[in-house]
Each structure stands twice: as structure tokens, then as C-alpha cells.
Amino acid sequence: MKTQVAIIGAGPSGLLLGALLHRAGIDNIILERQSGEYVLGRIRAGILEQVTVDLLHEAGVGDGVSQEGTVHHAIELVFKNQRHPIDVTHLTGGKVVTAYGQTEVTRDLMSHRAAQGLPTVYEAKDVALHGFDGASPYVTYEKDGQSHRVDCRFIAGCDGFHGVSRASVPEGAITEYEKVYPFGWLGVLADVPPVSPHAIVYANSERGFALCSMRSMTRSRYYVQCPLSDTVDAWSDQRFWDELRLRLDPDLSSRIVTGPSIEKSIAPLRSFVAEPMRFGSLFLAGDASHIVPPTGAKGLNLAATDVKYLSQSFIEYFNDKTDAGIDTYSERCLRRIWRAERFSWWLTSLMHRFPDTQGFGQKIQEAELDYLVNSEALSRSLAENYVGLPLNFAE
Ligand code: RFL
Ligand code: PHB
């Protein structure tokens, strides 16, 4: 097989890249290790920046988010049993975020790709990258007991944190920066109306962090901070709902509607960046090159903007015969990524209980929360990062 761009991974990064390239007339093949159902079964992100929503429209898959997404103008911070609304739309001169699940984004992109008849190989085993230090790289994989080879001009590594693409780069060529947090998030998805349909709630309580989010007016997504040693089995639905209630203010707590969970999982929290993002003819995008703790709701949004820059760079290369875009891809992405890393680390530090922080650290956290909700300047800083930076930010 031969194509212009071989894309590894059919998560949101790989699928969005495939759609944007196809619209520009650039051939691509996606190789995915798992089945389509498995990819859709992973419940992850829920909050999209406007830049991401615009990209979905540009890729031709905006109908779902337009019809089913819920626009939010505010978030709420809860601490010391009190709610503090932050009107992000007012603070950013009119910007919003949209609640629309990663599962739905992925499903929309998958259906669009299938309708266009574009090649996606699910359950591609032993994917291996070759010759990306030159201009004729290729990818090999096994499917149904047979070996296959895809020749291409570029490889896009969109295969997430545990993928093969970053792992294929020679050790000395890559620098990794990492911070692992001493807790995880236990997430529950349930078909109950969201307790706060107009604002995502971030709570810092003595018992730890909690988050109230949603997928629709009839489906909620909630999280509580938990020790990394916890297992899902230790958390019955009842225990989860009881714990969530204890971490919210009395009003929200009394209004939570409970029901059986339809998904429950524990995710560790990590900040991670691998630099650079280009190695000859191999380009990394999304979680393959960086991870943020989910507190800032930035992971999927960063993946989308990486892919926007990457598709533009490939389009300029194939259609305008210029290397300028591919040569600056890594640098342009990394500036935006580090801004999102800073924001996600800051919000994580502000909202969680750290097992080794008592006394002074705790008091500083309280003072910062107090400052944040009473200072328009600091609230605006939170708001402008939460809604996301523009694609070509100058400041
Ligand atoms: P993905 O989604 O991990 O997809 C990578 C795909 O590559 C496949 N793969 C391979 N394929 C072939 N060969 C191999 N060797 C392969 N190895 C892996 C995998 O099977 C998979 O299908 O990465 P991608 O596309 O870069 O997308 C990134 C996002 O998934 C991620 O950043 C977000 O989910 C992060 N995130 C959030 N982001 C937001 O913008 N807003 C949010 O509200 C938000 N909430 C979250 C989140 C992540 C969470 N968890 C579980 C980590 C909430 C949570 C709890
Ligand atoms: C979610 O809806 O899953 C969600 C919302 C906000 C976050 C993280 C996750 O910061």
C-alpha cells in the first residue's frame, strides 16, 4: 500500500488529522491497534474549547456538537462549603466552552470517515515505524495473521501516551519532562440529569477534589480525587455518590440525582511533555507527545490544535511545495502546549488535597482561592486559559 500520510492511532487526533487532510485532497491511512468499539468505550474528555468546535466544523463533522453540545458560560469553584461562580464569558469578552463528549467527537469522526470510504485498519497488531530519518518512511503491521507494509511521505504519531511512535524515536533525540501527582481521579458516568447544567463545578474540600460535569441533560459525568492505590472494585455506586455529596456545598449536595453507573474508572494524573515533536519524517501529535492532568480540560483541545498545525504544515508541503510549516511545527505547538501545561498544573495544585501538604501549604492554597474569587484580574487569567488561547496567540 502507498499513501501520502500514514497516521498511527484512531483516537481524536488521528481521526481529526485524517479528516482535515482528506478535505485538502491529501491521501491518508489510519492504523489503530484496538477495535472501533474499544476506542468508543474509553470515557474521557467532555469540554471543548471554541477553537476545537471550529475545527470540527472545518473537518465537516460539526453537526453533532452543534445539535447536541451544551454551551457553558461559567464554571463554579466550591471551597469551604461555598460556591463561587466565575463568569468566563463575561471575563473573556464573549467566549464559551461546550460540553460534548470525546466519545461523541470520536463517533462523529469515525462515521464521517466511513461515509467517505477512507481507509482505517482497526486491530492492526505490531505496528512498527521504519526509515523516518529519510524521505521514504514506511510502516509495517500484522492483521489477521498477514504482514502488511504502507509506504508514505510522512508518518503522524497520533497513538497516545502508550503508543509506539514516541517509543520508536532514538533515546538521545528526545527530552522528556514529567510530573506525576500523588492521587488519581475516579470517574463515574450515569444517566441522571446533571446537578449543574449551566456551569462545570470544581470543588476543593477537606476530603479532596470533586468535579461535576455532564454529557447531556440526561447524562452526567462526575469525578472524585482518590488515592492511586484504590481500585474501582472498592468503590460501589453508593460509596461514590456518598463521597461526592460530602465534597460539595449543602445546596448542590442536596440536589445530586443518583443512579446506577454506566462506566466507572480510575485515571492517574500526570504532566508530561516530550520535545521536540518532529523527527525527520515522523511527527507526534496529541497525547503521544504530551499529557496534562484533566483539571484544566485541556488534553483533547491541545490534541486538536496540534493536528490543526500539522494538517496545515502537510497541506503547505504537498500543495504549495514549502517546508516552512513542517520546519516550525514543533516550535509552534510547544509554545501553546507549555501554556496549557502551566495552567493545568496550576489548577490541579489549587484544587486538590496533597497528602504531603499540611499547615503552610494548605494555608497558601486557601489564600490563593480567596484571592482568585475576589480578584477580577486573577479570575480573568483563569477564564482566558479555560476557554483556550486563540490558534495564533501573540501574548
Ligand atoms: P488517544 O485518545 O489516547 O488515542 C490514541 C489512539 O492510538 C491507539 N494506539 C495505537 N494504534 C496503533 N498502534 C499502536 N502501537 C498504538 N498504541 C496506541 C490507541 O488505541 C488510541 O485509540 O490520544 P489522542 O488522539 O491524542 O487524544 C487525546 C485525548 O484522548 C486526551 O488528551 C483527553 O482525553 C484528555 N482529557 C480531557 N481533554 C480535554 O480537552 N477536555 C477534558 O474535559 C478532558 N477530560 C481527559 C479528561 C482525559 C481523562 N483521562 C482518562 C486520561 C478526563 C479524563 C478522566
Ligand atoms: C469531563 O466532562 O469529563 C471533564 C470536564 C472538565 C474537566 C475534566 C473532565 O476539567
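The numbers attached to residues start from 1 for each chain and follow its sequence in the written order. By the order in which they are written, chains take letters starting at A while ligands take numbers starting at 1. In view of the model being predicted, local features appear only for residues whose pLDDT reaches at least 70, and side-chain atom pairs are presented and counted only at 80 or more, with totals across whole chains, interfaces and linings using the full set of residues. Only heavy atoms go into the side-chain values, all of them from the structure, while hydrogens and water stay out.

**Quick word on the site of ligand 1**
And then number 1: Here a residue counts as near a molecule or strand whenever at least one of its heavy atoms sits within 4 Å of it. In the region of ligand 1, 32 residues are neighbours, and Ser13, Glu32, Arg42, Gln102 and Leu300 sit closest.
And then number 2: We define a polar contact as two N or O atoms separated by no more than 3.5 Å, with the added condition that, inside protein, one atom must be a possible hydrogen donor and the other a possible acceptor, whereas residues neighbouring each other in sequence contribute only through side-chain atom pairs. Between ligand 1 and Pro12 there is a distance of 3.3 Å, counted from an oxygen atom to a backbone nitrogen or oxygen.
And then number 3: Within the backbone of Leu300, one N or O atom sits 2.7 Å away from an oxygen atom of ligand 1.
And then number 4: Protein contact buries 90% of the 1000 Å² of open area that ligand 1 shows by itself.
And then number 5: Numbering of helices and strands runs from the N terminus; a helix is a DSSP stretch of H or I covering at least four residues, while a strand is a stretch of E covering at least two. Counting residues per element, the ones that place at least two in the shell around ligand 1 are helix 1 (12–23) and helix 10 (299–320).
And then number 6: It is helix 10 that contributes the most residues to the shell around ligand 1, 3 residues altogether.
And then number 7: Classes in brief: Ala, Val, Leu, Ile, Met, Phe, Trp, Tyr, Cys and Pro nonpolar; Asp, Glu, Lys and Arg charged; the others, Gly included, polar. Its residues assigned to classes, the shell around ligand 1 comprises 14 nonpolar, 11 polar and 7 charged. Surface accessibility follows the Shrake-Rupley procedure with a 1.4 Å probe radius. Residue values consider only the protein chains on display as shielding.

**So, the domain arrangement of the protein chain**
And then number 1: All the domain ranges listed were derived from an automatic or database domain assignment. Each domain of the protein chain was delimited in the assignment, giving domain 1 (5–70 + 99–178 + 271–350) and domain 2 (179–269 + 353–386).
And then number 2: The centre of domain 1, based on its C-alpha atoms, is set 28 Å off from the matching centre of domain 2.
And then number 3: By definition, residues are in contact when any of their heavy atoms lie within 4.5 Å. In this assembly, 26 residues from domain 1 lie in contact with 27 residues from domain 2.
And then number 4: In terms of surface lost to domain 2, no three residues of domain 1 exceed Ile43, Trp346 and Leu350, which account for 26% of the buried area on that side.
And then number 5: The term salt bridge refers to a side-chain nitrogen of Lys or Arg lying within 4 Å of a carboxyl oxygen of Asp or Glu. Run the count over domain 1 and domain 2 and you get 0 salt bridges.
And then number 6: If you look at where domain 1 meets domain 2, you find 11 residue pairs in polar contact (both at pLDDT 80 or more). Computed with a 1.4 Å rolling probe, the buried area is the accessible surface lost when two parts are put together, summed over both parts.

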